[in-house]
Amino acid sequence: MMKKLIILIIFVVFQSQSGWSQTIEQKIIGNWEVTDYDLSEENVGEQEKPSGIIWTFKLNNICEEKSDPSNPSDVTIYEYKISQANCETGIISTEFYYINLINKTVFGDDYCFMIDIDKIDETNQEILRLYAADAMQPNILVRK
């Protein structure tokens, strides 16, 4: 009986610690469109606009980036991993999650981002923010 109780406690602790990671991994699955910023004087409305670049995160830890909607063969393939370990420094965070994108199409063109998935209040639209080290602002992707 004591052995079963200890196993149950270990299982509950493990699930509570890894639950958010699984949730964010599930939330990222799907199609996301990269937004561009239009800071021109002619633009008086929204500064963010769709770019046409689509990132598709799949269950098998593969991400496909389609840069040109008119050319379906223009695809960059990444293998991704989400964890609380900073993919650049290896330091484990208790607050933040990181995504490491390993480019399988162009060797060495890899990325490490701190990630955040949220909803925009007024529209309830899901957004994915990718924070790169030393960047002025995050890359913003909108769920398609």
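What counts, and at which threshold
- Residues numbered from 1 in each chain as written.
- Predicted model: local features only at pLDDT ≥ 70, side-chain atom pairs only at ≥ 80, totals over all residues.
- Heavy atoms only, no water.
- Salt bridge = Lys/Arg side-chain N within 4 Å of Asp/Glu carboxyl O.
- Helix = DSSP H or I, 4+ residues; strand = E, 2+ residues; numbered from the N terminus.
- Core = buried A, V, L, I, M, F, W, Y, C linked by side-chain atoms within 4.5 Å.
- Buried < 20%, exposed > 50% of the residue type's maximum accessible area, 1.4 Å probe, protein only.
- Contact = heavy atoms within 4.5 Å.
- Phe/Tyr/Trp six-rings, centres within 6.5 Å; stacked < 30°, edge-to-face > 60°.

Visitor: Residue-level account of the pattern of salt bridges, with values.
Guide: Throughout the structure, instances matching the rule amount to six salt bridges. Among the salt bridges present, the one from K58 reaches E64, with a minimum N-O distance of 2.9 Å. Here R129 ties to D116 by a salt bridge, and the two come within 2.6 Å at their closest N and O atoms. A residue pair is termed long-range when its members are at least 10 positions apart, and R129 in strand 7 (residues 126-131) and D116 in strand 6 (residues 111-119) qualify at 13 residues. Because the salt bridges share partners, they merge into one network encompassing D116, D118 and R129.

Visitor: If you had to explain the nonpolar core to someone new, which residues and values would you point to?
Guide: Counting 19 residues, the largest nonpolar core has I28, W55, F57, I99, L101, I115 and L128 as its most contacted members. Elements with a contribution of two residues or more to this core: helix 1 (2-28), strand 1 (30-37), strand 2 (48-57), strand 4 (75-83), strand 5 (97-103), strand 6 and strand 7. Apart from residues lying up to four places away in sequence, L128 is in contact with I28, W32, F57, I115, D116, I117, N139, I140 and L141.

Visitor: Give a description of the packing of aromatic side chains that names residues and reports values.
Guide: Applying the stated criterion across every chain yields a total of five aromatic pairs. Measuring from ring centre to ring centre gives 6.2 Å for W55 and F57, while their planes differ by 55 degrees; the resulting arrangement is tilted. Assigned by exposure class, W55 and F57 land together as buried. On the numbers, 5.2 Å between centres and 85 degrees between planes, the contact of F57 with Y80 is edge-to-face. Placement of F57 in strand 2 and of Y80 in strand 4 is noted, with a sequence separation of 23 residues between them. On the accessibility criterion, F57 (2% relative accessible area) is buried. What makes Y80 buried here is its relative accessible area of 5%. Cluster of aromatic residues (ring-pair linked, three or more members): W55, F57, Y78, Y80, Y111 and F113.

So yeah, pure geometry; function would need other evidence.
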